[in-house]
Amino acid sequence: MYFLNQERSKAKIIVPSVLQAESLVTKPIPRSQRLSDDVKSYFPHLSHAEVVELAQGGKSAGGPLNVGVVFSGGQAPGGHNVIAGLFDALKRLHKDSRLIGFLGGPAGIINNIHRELNHQDVDRVRNQGGFDLIGSGRTKIEKPEDFEKAKKSCLELHLDGLVIVGGDDSNTNAALLAEYFLANGCSTSVVGVPKTIDGDLKSEMIEASFGFDTAAKTFATSIGALLRDALSAKKYTFFIKLMGRTASHLTLECALETHPNMAIIGEEAAASGKTLGEIVDEIVQLVAKRSQLGKDYGAILIPEGLIEFIPEFRELIDELNLQMADEASHEQILERLSHRAKSLFLALPSPMQQQLLEERDPHGNVQVSKIETERLLIELVGRKLEEKKARGDFKGKFAPVPLFFGYEGRSCLPSCFDANYCYALGMTAASLLREKRTGYIACIRNLASPPSEWQAFGVPLPSLITLEMRKGKRKPVIKKALVDLSGQPFLFFKERRSHWATEDDYHYPGPIQFYGPEEIVNETTLTLKLELAKEPRYVM
Ligand code: FBP
C-alpha cells in the first residue's frame, strides 16, 4: 500500500537563498521598539537587544555547539521540521555539534529528562506531523525553583543554547528564562520559535506562527466536504466549532477558503458587545431566511473562543478564574459568584457547567476546546425556532449537526508551506545561537513570496511582551494577536458574507496538495496573502 507519509519523508525542502550561504552573521537593523518601564523592569539584561537580520558573511569555522530543544504546548504541524532544520544547521556548523531533545515539554528541562537526537531520529520525522519525537507538555517554568532547576539542567548538559518551540505563553517563558540565565551566570542562550495553529502569535515582525497554514487547510478540506453534503442532501445545518483558542483566525481563514453561510468572529462580537441572545437571534434569522428560500440546510462556523468574547460569559469566566485560582471548591465557587454570573451559570446545560469548571491549563487559560459552544447554540437556536413555529412564523425544518474540528489539524502532515517554514525557522534558531543571541525569537519574513525569497531575522522577545492579569495577578505575557477588524482578511470577509449567507457560493478546497506546480503546493493562507499583499483586492 502507498503511504503518503513515507513519500513525504524523502521530499526536498526549499531553503531560502539567504540561509544557503556558507556562513551567516546577524546584523542589527534599525527599528524603533520602545519597551515600557514596566516591561523593562522584568528584563534589565535584555531590554537593549536589537532586531537582527541574518546575512551572508563571517567565517564558517567555529567549535561544535551543544543545543537543547523542547516542544511546549499544543502540537502544530511542522514541529519536527524545526528539529530537522536545527539539527542540519548545527551539523553543518560543526560535525560534532549535538542536539539534545528535552522530553515531554518544559517539565523535561526542569527535571533534566532528555535524550540526544541522532541522524536516524531526525530522518524518521522529516516532513512528518506531530511532536512525538520528543513529546510536549504545558508545564510552566514559573516558580523560582523551576528556573533554578532549568539552569542546573543546562549547566549539567553544557548547553550553548536552548530552543523553545512554543506559543505566546511558552515564548514568554523563553524570555524570562533568557533573562534569568543572564542574571545568574548561566551562559546558555535561549531562542524561541513561533508555534501555534491558533495563528495568534504574530506581530509587526512575525508574520505567522507555524502550523496555522496546515490546520486551516485541514479544517477547510472537511468544511468544504460538509458544504457539499449540505447542498446535496439539503437537510442538515452544520454547526462547526473550530479550534483556535481565544482568537478567531482559523475560523476567519476557513470562511475565506470555503464561503459558509455564516462565520462568527469572536472579536467582532466583542467589539459590538453582542450578548449570547443577540448571537442566537442572528442565527435564527439566518435559518429562517434560508428556509423561506427553500434552503433548510447550511453551515455555520463557530470559533472555540467565542464564549470568552460574549460579555456575560467573560464576566462569568473571570469570576470563575479568580475563585479557581483560590482553589475554592465547586460549592464555594457557586456561593461566591455575583448574582449575574450565578444566574447565567445555573441557566446553562449541566455538561457546559462542568466544562466551565474544568481545571485551567497551567497558564491559567480556560480550556475552550472542551466547551461545547456548538451544542449550546444548537439548543438555544432550536428553542427559538420552536417558539417561532408555534407562532406560525417558521414553517421550515431545522436539523442541526454539531461538529468540532481541532486535534486532527494539529498533528497531520505539514503542508509544504509549513514544512519549508519550519525548516527555515530551525536553521535560523541555530544561527542565532551560534552568534550567542539570547532572548530572541526566530523569525522568517516575506512569507507570501516563494520560499527561496524568504528572509531570516531574530526579534528580541521582550519587544513582544506586555503586562496582563493572569490568575488574578499582573504578569508579563506576549499579547495574543487577535483578529484585526480593520485588517484586510476581516474586511474581505465582511464585504462578502451577506452574499454567502443565502447564495450557497460554497468553495471546496479539497485536500492539501504536496505535489504539483510550485506556486500551488507552496501557496499559503488567504489570511497571510491578504495581510501581506500590496493590493489585497487582487489576491483571490
Ligand atoms: P497552543 O496555544 O499551545 O499552540 O495550543 C493550541 C491549541 O490547539 C488550542 O487551539 C486549543 O484550545 C488547545 O491547544 C487545546 O489544548 P489541549 O491540547 O490541552 O487539549
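Residues numbered from 1 in each chain as written. Predicted model: local features only at pLDDT ≥ 70, side-chain atom pairs only at ≥ 80, totals over all residues. Heavy atoms only, no water.

### Thoughts on the overall build of the protein chain
The following threshold applies: For helices the rule is a DSSP run of H or I covering at least 4 residues; for strands it is a run of E covering at least 2, with both sets numbered from the N terminus onward. For the radius of gyration, the atom set is restricted to C-alpha positions; the globular benchmark scales as 2.2 Å times the number of residues to the power 0.38. For every residue, the accessible area (1.4 Å probe, protein chains only) is compared with the maximum for its type, and the residue is labelled buried under 20%, exposed over 50%, or partly exposed between those bounds. By definition in these notes, contact holds between two residues if any of their heavy atoms fall within 4.5 Å. Every accessible area reported is derived by Shrake-Rupley at a probe size of 1.4 Å, with residue values counting cover from the shown protein chains alone.
If you tally the helices and strands in the protein chain, you get 21 helices and 15 strands. For the protein chain, the C-alpha radius of gyration of 24 Å lies close to 24 Å, the compact-globule estimate for 540 residues. With respect to the three principal axes, the spread of C-alpha positions in the protein chain is 80 × 60 × 50 Å. For the protein chain, buried positions account for 59% of its 540 residues. Look at the contacts in the protein chain between residues 6 or more apart in sequence, and 78% of them connect residues 24 or more apart. Surface accessibility of the protein chain: about 22400 Å² in total, with carbon and sulfur atoms responsible for 51%.

### Comments concerning the domain arrangement of the protein chain
Heads up, the rule is: Residue ranges assigned to the domains are those given by an automatic or database domain assignment. Once two parts are put together, the accessible area they lose, assessed with a 1.4 Å probe and summed over both, is termed the buried area. Salt bridge, as used here, is a side-chain nitrogen of Lys or Arg placed within 4 Å of a carboxyl oxygen of Asp or Glu. In protein, a polar contact means a hydrogen-donor-capable atom and an acceptor-capable atom, both N or O and within 3.5 Å, with residues adjacent in sequence counting only if both atoms are side-chain atoms; elsewhere, any N or O pair within 3.5 Å suffices. Each residue is assigned to one class: nonpolar for Ala, Val, Leu, Ile, Met, Phe, Trp, Tyr, Cys and Pro, charged for Asp, Glu, Lys and Arg, and polar for all the others, Gly among them.
Each assigned domain of the protein chain is listed here: domain 1 (4-210 + 414-478) and domain 2 (212-410 + 485-509). Placing the centre of domain 1 and that of domain 2 at their C-alpha centroids yields a distance of 34 Å. Contacts between the two partners involve 23 residues from domain 1 and, on the opposite side, 20 residues from domain 2. A combined buried area of about 1900 Å² lies between domain 1 and domain 2, and 54% of that area is made up of carbon and sulfur atoms. Between domain 1 and domain 2 we count one salt bridge in total. Close ionic contact of Asp 198 with Arg 245 constitutes a salt bridge, the shortest N to O distance being 3.7 Å. Viewed at the interface, domain 2 and domain 1 are joined by four residue pairs in polar contact (both at pLDDT 80 or more). Of the residues that constitute the side of domain 1 that touches domain 2, the class distribution is six nonpolar, eight polar and nine charged.

### With respect to the packing of helix α6 (residues 144-156) against helix α7 (residues 168-183)
Note the threshold: Only the contacting stretch of a helix is used when fitting its axis, a line to C-alpha atoms as for every element, and angles between N-to-C directions run 0 to 180 degrees. Each angle receives one of four descriptions, namely roughly parallel if under 35 degrees, roughly antiparallel if over 145, roughly perpendicular if within 65 to 115, and oblique otherwise.
Where α6 contacts α7, the axes come no closer than 10 Å and their chain directions differ by 70°. Classified by the interaxial angle, the pair formed by α6 and α7 is roughly perpendicular. Note on element contacts: α7 touches α6 through Leu 176, Leu 177, Tyr 180 and Phe 181, opposite Phe 147, Glu 148, Ala 150, Lys 151 and Cys 154. A per-class count over the contact of α6 with α7 returns seven nonpolar, no polar and two charged.

### Regarding the site of the ligand
Definition in use: A cutoff of 4 Å decides nearness: a residue is near a molecule or strand if any of its heavy atoms lies inside that distance of it.
Near the ligand there are 15 residues, and of these Gly 74, Arg 138, Asp 198, Glu 304 and Tyr 407 occur at the shortest range. Within the backbone of Gly 74, a nitrogen or oxygen atom sits 2.8 Å from an oxygen atom of the ligand. Separating an oxygen atom of the ligand from a side-chain N or O atom of Asp 198 is a distance of 2.6 Å. Burial of the ligand by the surrounding chains reaches 88%, relative to a free accessible area of 480 Å². Counted by class, the shell around the ligand contains three nonpolar, five polar and seven charged residues. The residues that make up the shell around the ligand include at least three from each of domain 1 (4-210 + 414-478) and domain 2 (212-410 + 485-509).

### A closer look at the sheet that holds strand β5 (residues 114-117)
Inclusion rule: At least two bridges found by DSSP between two strands are what make those strands a pair.
Taken in spatial order, the nine strands line up as β1-β2-β13-β12-β7-β6-β3-β4-β5 in an open sheet, and their pairing is mixed. In the strand order of this sheet, the two ends are held by β1 (24-28) and β5, each with one partner. The average angle at which neighbouring strand axes cross in this sheet is 30°, direction not considered. Bridge analysis of strand β7 (residues 189-194) against strand β12 (residues 440-445) gives two bridges, and the strand direction is parallel. Note on β12: the bridge partner recorded for Val 191 is Tyr 440. This element, helix α18 (residues 416-434), spans β1, β2 (52-56), β3 (66-71), β6 (161-166), β7, β12 and β13 (455-460) of the sheet and lies at about 135° to β12.

### Concerning the UniProt feature "site: Important for catalytic activity" (unreviewed entry) in the protein chain
Note the following rule: UniProt positions are given in the numbering used here, feature names are shortened, and annotations may be inferred rather than shown by experiment.
The UniProt entry lists Lys 195 under the feature "site: Important for catalytic activity" (unreviewed entry), expressed in the numbering used here. Along the polypeptide, Lys 195 turns up in the loop between β7 and α8 (212-233). With residues near it in sequence (within four places) discarded, Lys 195 still touches Ser 72, Gly 73, Gly 74, Ala 76, Phe 131, Val 165, Gly 166, Gly 167, Leu 201, Ser 209 and Phe 210. A polar side-chain atom of Lys 195 sits 2.8 Å from the main-chain carbonyl oxygen of Gly 74.

### Some thoughts on the UniProt feature "binding site: Mg(2+)" (unreviewed entry) in the protein chain
Per the UniProt entry, the sites bearing "binding site: Mg(2+)" (unreviewed entry) are Asp 168 in this numbering. Mapping Asp 168 onto the fold places it in helix α7. Taking the relative accessible area as the measure of exposure, Asp 168 reaches 6% and is therefore buried. Apart from residues no more than four positions distant in its own chain, Asp 168 is found in contact with Leu 201, Ile 478 and Lys 480.

### Details of helix α3 (residues 79-93)
For the record, the criterion: For a helix, the expected span equals 1.5 Å multiplied by the number of residues minus one.
Taking 1.5 Å per residue, 15 residues should reach 21 Å; α3 reaches 21 Å between its end C-alpha atoms and fits that length. Most of α3 sits out of view: 11 of its 15 residues are buried. Every buried residue belonging to α3 is among Gly 79, His 80, Asn 81, Val 82, Ile 83, Ala 84, Gly 85, Leu 86, Phe 87, Ala 89 and Leu 90, and all of these are buried.

### Description of the pattern of salt bridges
A pair can form between side chains of opposite charge whenever their charged atoms are brought close. Applying the stated rule across the entire model yields 29 salt bridges. With a closest N to O distance of 3.6 Å, Glu 148 and Lys 151 form a salt bridge. Taken together, the positions of Glu 148 and Lys 151, both in helix α6 and three residues apart, correspond to about one turn of that helix. Residue Glu 148 is classed as partly exposed on the basis of its relative accessible area of 37%. Close ionic contact of Asp 200 with Lys 480 constitutes a salt bridge, the shortest N to O distance being 3.8 Å. Of this pair, Asp 200 sits in the loop between β7 and α8 while Lys 480 is found in the loop between β15 (473-478) and α19 (488-503), placing the two residues 280 residues apart along the sequence. Asp 200 gets classed as buried once you look at its relative accessible area, which sits at 1%. Ionic contacts of the salt-bridge type, sharing partners, join the residues Asp 88, Asp 123 and Arg 126 into one network.

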